Amino acid sequence: MKRKLFAWVMVAVMASAGLAGCGSGEGETQNAEETAAVEETTVEDNEGLTVGMSCINLTDAGLAAIKEGADTAAEDLGMNLIWKACDGDLDKQIDIIRGFVQQGVDAIWIDSVDVDGIVSVVNEATEAGVTVLTAGSRVEGEDNYNLVYPDLVDAQFAAKAIGEYYKDETGTVGLVVGSAGNLVSEKRQEGFEKGIEGYSNLKLVTEQGMWDATTSMQKAEDMIRANDDLLHIHVIADGMSYGVYRAIQNSGKEITISSNDGEADALAYTESGEYLLENLVGNGRLGYWGMVIADRLSKGEEMAKDQYLPTYKVPGEKMKPVVEEAGLEKGEDGTQYQIVTVEEAKKIGSPEGYKEEFNEDFVPTK
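Owing to the predicted nature of the structure, the values given are computational and were not obtained by experimental measurement.

*Asks:* Would you mind going over the overall build of the chain with me for this structure?
*Replies:* Of regular secondary structure, the chain possesses 13 helices and 13 strands. In the chain, which comprises 366 residues, the proportion classed as buried is 58%.

Structure representation (structure tokens):
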């Protein structure tokens, strides 16, 4: 079967992203088995599009959800996925990307350790005639596609909502981000800082959760001990937020929390009032959408270099009136945000929801 050599590079964050650690325990064994499978299998041996998947890790809840969505799409579209994690090591990730190209896979997916650090290898791929997609944040390569969503805007909205919620109080707001060099993390941090700067009554403190729930819990514990006036902690990815939530519970203090991604557990916490706010990207939805884009490009469909995934704001019951009274439904540029209920968010982020959204009638950004 003749097929165009095609590489799919996806930078997520994951967010989870904030979103998934590689190289220990069960994940490490799985990666070793998958590596062996790649070494023994050539593209010509397989039917359908073969995609090599390079990610930061596969343990973070958000990255695991991206994998689940991509795996679902692969089953629906008749693709073959090969997953490899890089232990957060940029050099190892570059080697993985080059290895996939040399092995002749049709596509390569990358959850980038460092968006600046992968530019040269992205350019190597496109110069070799390989199609490259970078998702989550724009990568400034010479000829790659970008699969992007408004991280900065979403985080800015969250910050303003929290600022309005606590506008009559004085205290500290915590922010837990992913890692330095990850553009998803940096854009979400930039957006939150921009949004909260208009509230002089609130002091912002920031910690890096390194896309790991346990590390995030420890950082939140440090934050709580160091700031007696801590009112709220915003986490840029659901996978890290669960560790932060545990730290808040253990402290016994009345500290509120909000997060980003719209995973099922986080939406349940928002529905019960334990989280004030969620931003919905939907990591399973992200993984599925990216695979659909890859499939369409492999079949020669023309589309814009920048592909946009819409996101949604999901305020909990306590936050809804705050958002409405402050007029936060519109951005500074007059853009109308898509604000949905928890029930609507659950449907959008479910396999049934994104299968319907990205069916054969779906039109990519032109």
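*Asks:* What's the story with the packing of aromatic side chains in this structure? I'm lost.
*Replies:* The way to describe two aromatic rings as a pair is by their centre distance and the angle between their planes. What the rule picks out here adds up to 9 aromatic pairs. Taken together, a centroid distance of 6.3 Å and an interplanar angle of 65° make the contact between Tyr 242 and Tyr 269 edge-to-face. Here Tyr 242 is found in helix H8 (residues 238–251), whereas its partner Tyr 269 is found in helix H9 (residues 264–272), with 27 residues between them in sequence. Between Tyr 288 and Tyr 354 the ring centres are 5.2 Å apart and the planes differ by 40°, which places this aromatic pair in the tilted class. Remark: Tyr 354 occurs in helix H13 (residues 351–357) and Tyr 288 occurs in helix H10 (residues 283–298); sequence separation between them is 66 residues. According to the relative accessible area criterion, Tyr 354 is buried, its value standing at 2%. Among the aromatic side chains, those forming a connected cluster through ring pairs are Tyr 242, Tyr 245, Tyr 269 and Tyr 275. Here the guanidinium or amino end of Lys 313 rests over the ring plane of Tyr 337, the centre of that ring lying 4.3 Å away.

*Asks:* Quick question: what am I supposed to make of the sheet that holds strand E4 (residues 107–110) here?
*Replies:* Note: strands within a sheet are paired through backbone hydrogen bonds, in either parallel or antiparallel orientation. Taken in spatial order, the 3 strands make up an open sheet running E3-E2-E4, and their pairing is parallel. At either margin of the open sheet sits one strand with a lone partner, and together these are strand E3 (80–85) and E4. Averaged over all adjacent pairs, the angle separating strand axes in this sheet is 20°, with direction ignored. Where helix H2 (residues 61–77) meets the sheet, it contacts strand E2 (50–55), E3 and E4, and its direction lies at approximately 160° from that of E3.

*Asks:* Is there a simple way to explain the environment of Glu 190 in this structure?
*Replies:* Along the chain, Glu 190 turns up in helix H6 (residues 183–196). Once the C-alpha coordinates of Glu 190 and Val 153 are considered, the two residues, 37 residues apart in sequence, prove to be 9.5 Å apart.

*Asks:* Just to check I follow, could you spell out helix H4 (residues 119–127) for this structure?
*Replies:* Note that an α-helix has 3.6 residues per turn; residues three or four places apart therefore point the same way. Buried within H4 we find Val 119, Val 121, Val 122, Asn 123, Ala 125 and Thr 126. Its buried side turned inward, H4 meets helix H3 (90–103) and strand E5 (133–136). Just past H4, the residue Gly 129 takes up positive phi, approximately 90°.

*Asks:* Sorry if this is basic, but what is going on with unusual backbone geometry here?
*Replies:* Residues other than glycine seldom take positive phi values, yet Asp 87 does so here, at roughly 60°. Structurally, Asp 87 can be placed in the loop between E3 and H3. What makes Asp 87 partly exposed here is its relative accessible area of 42%. The residue Asp 261 is not glycine, and still its phi comes out positive at about 135°. On the secondary structure map, Asp 261 appears in strand E10 (residues 256–261).

*Asks:* Explanation requested: the nonpolar core in the structure shown.
*Replies:* One broad trend across soluble globular proteins is that nonpolar side chains are buried collectively. Core analysis: the biggest nonpolar cluster contains 98 residues, and Val 51, Leu 81 and Ile 233 have the highest contact counts within it. Residue contributions to this core peak at 7 residues, all from H10. Ignoring any residue separated from it by four or fewer positions in sequence, one finds Ile 233 in contact with Gly 174, Val 176, Ala 220, Met 223, Val 244, Ile 248, Ile 255, Thr 256, Ile 257 and Ser 258. Counting residues in hydrophobic clusters, the runner-up holds 8 residues, among them Leu 280, Val 314, Val 340 and Ile 348.

*Asks:* Even after reading the chapter, I still don't get the sheet that holds strand E7 (residues 171–177), so can you show me in this structure?
*Replies:* With mixed pairing, the 6 strands of this open sheet are ordered in space as E8-E7-E9-E10-E11-E13. Only two strands of the sheet have a single neighbouring strand rather than two, namely strand E8 (202–208) and strand E13 (312–315). Taking each pair of neighbouring strands and ignoring which way they run, the sheet shows an average axis angle of 15°. As defined by bridge partners, E10 adjoins strand E11 (residues 277–280) across 3 bridges and the pair is classed as parallel. Pairing of Asp 261 across the sheet is with Leu 280, part of E11. Packed on one face of the sheet, helix H5 (residues 151–165) meets E7, E8, strand E9 (230–235), E10, E11 and E13 and runs near 165° to E11.

*Asks:* I'm lost on the side chain of Gln 156 in this one. Help?
*Replies:* Inspection of the secondary structure assignment puts Gln 156 in helix H5. With relative accessibility at 9%, the residue Gln 156 sits in the buried group. Ignoring sequence-local partners within four residues, the contact set of Gln 156 consists of Gly 191, Phe 192, Lys 194, Gly 195 and Glu 332.

*Asks:* Even after reading the chapter, I still don't get the side chain of Glu 263, so can you show me in this structure?
*Replies:* Tracing the chain through its elements places Glu 263 in the loop between E10 and H9. Buried charged residue Glu 263 carries no salt bridge. Nearest counter-charge: Arg 188, at 9.0 Å. A distance of 2.9 Å separates the side chain of Glu 263 from the side chain of Asn 283, its partner in a polar contact. Apart from the residues within four sequence positions on either side, Glu 263 is in contact with Ala 65, Asp 238, Tyr 242, Glu 278, Gly 282 and Asn 283.

*Asks:* Sorry if this is basic, but what is going on with helix H7 (residues 213–226) here?
*Replies:* Taking 1.5 Å of rise per residue, the 14 residues of H7 would be expected to cover 20 Å, and the 20 Å separating its terminal C-alpha atoms lies within 8% of that figure. Measuring from the backbone nitrogen of Thr 214 back to the side-chain oxygen at the start of H7 gives 3.2 Å, which picks out Asp 212 as the cap.

*Asks:* Please clarify how the packing of H7 against H8 should be interpreted in this entry.
*Replies:* In a packed pair of helices, the relevant descriptors are the angle between the two axes and the axis-to-axis distance. Remark: H7 packs on H8, axes separated minimally by 7 Å, with the N-to-C direction vectors making an angle of 40°. One element, H7, and the other, H8, form an angle in the oblique class. Crossing geometry of H7 relative to H8 is assigned as right-handed. Between H7 and H8, the residues in contact are Ala 213, Ser 216, Met 217, Ala 220, Glu 221 and Ile 224 and Gly 239, Met 240, Gly 243, Val 244, Arg 246, Ala 247, Ile 248 and Ser 251, respectively.

Rules used throughout
- Residues numbered from 1 in each chain as written.
- Predicted model: local features only at pLDDT ≥ 70, side-chain atom pairs only at ≥ 80, totals over all residues.
- Heavy atoms only, no water.
- Helix = DSSP H or I, 4+ residues; strand = E, 2+ residues; numbered from the N terminus.
- Buried < 20%, exposed > 50% of the residue type's maximum accessible area, 1.4 Å probe, protein only.
- Phe/Tyr/Trp six-rings, centres within 6.5 Å; stacked < 30°, edge-to-face > 60°.
- Lys NZ or Arg CZ within 6 Å of the ring centre and 35° of its normal.
- Pairing = 2+ DSSP bridges.
- Axes fitted to C-alpha atoms, helices over the stretch in contact; angles between N-to-C directions.
- Contact = heavy atoms within 4.5 Å.
- Core = buried A, V, L, I, M, F, W, Y, C linked by side-chain atoms within 4.5 Å.
- Lys, Arg positive; Asp, Glu negative; His and termini not counted.
- Salt bridge = Lys/Arg side-chain N within 4 Å of Asp/Glu carboxyl O.
- Polar contact = N/O pair within 3.5 Å; in protein donor to acceptor, adjacent residues only side chain to side chain.
- Expected span 1.5 Å × (residues − 1).
- Parallel < 35°, antiparallel > 145°, perpendicular 65-115°, else oblique.
- Left-handed = near helix turned anticlockwise from the far one by under 90°.

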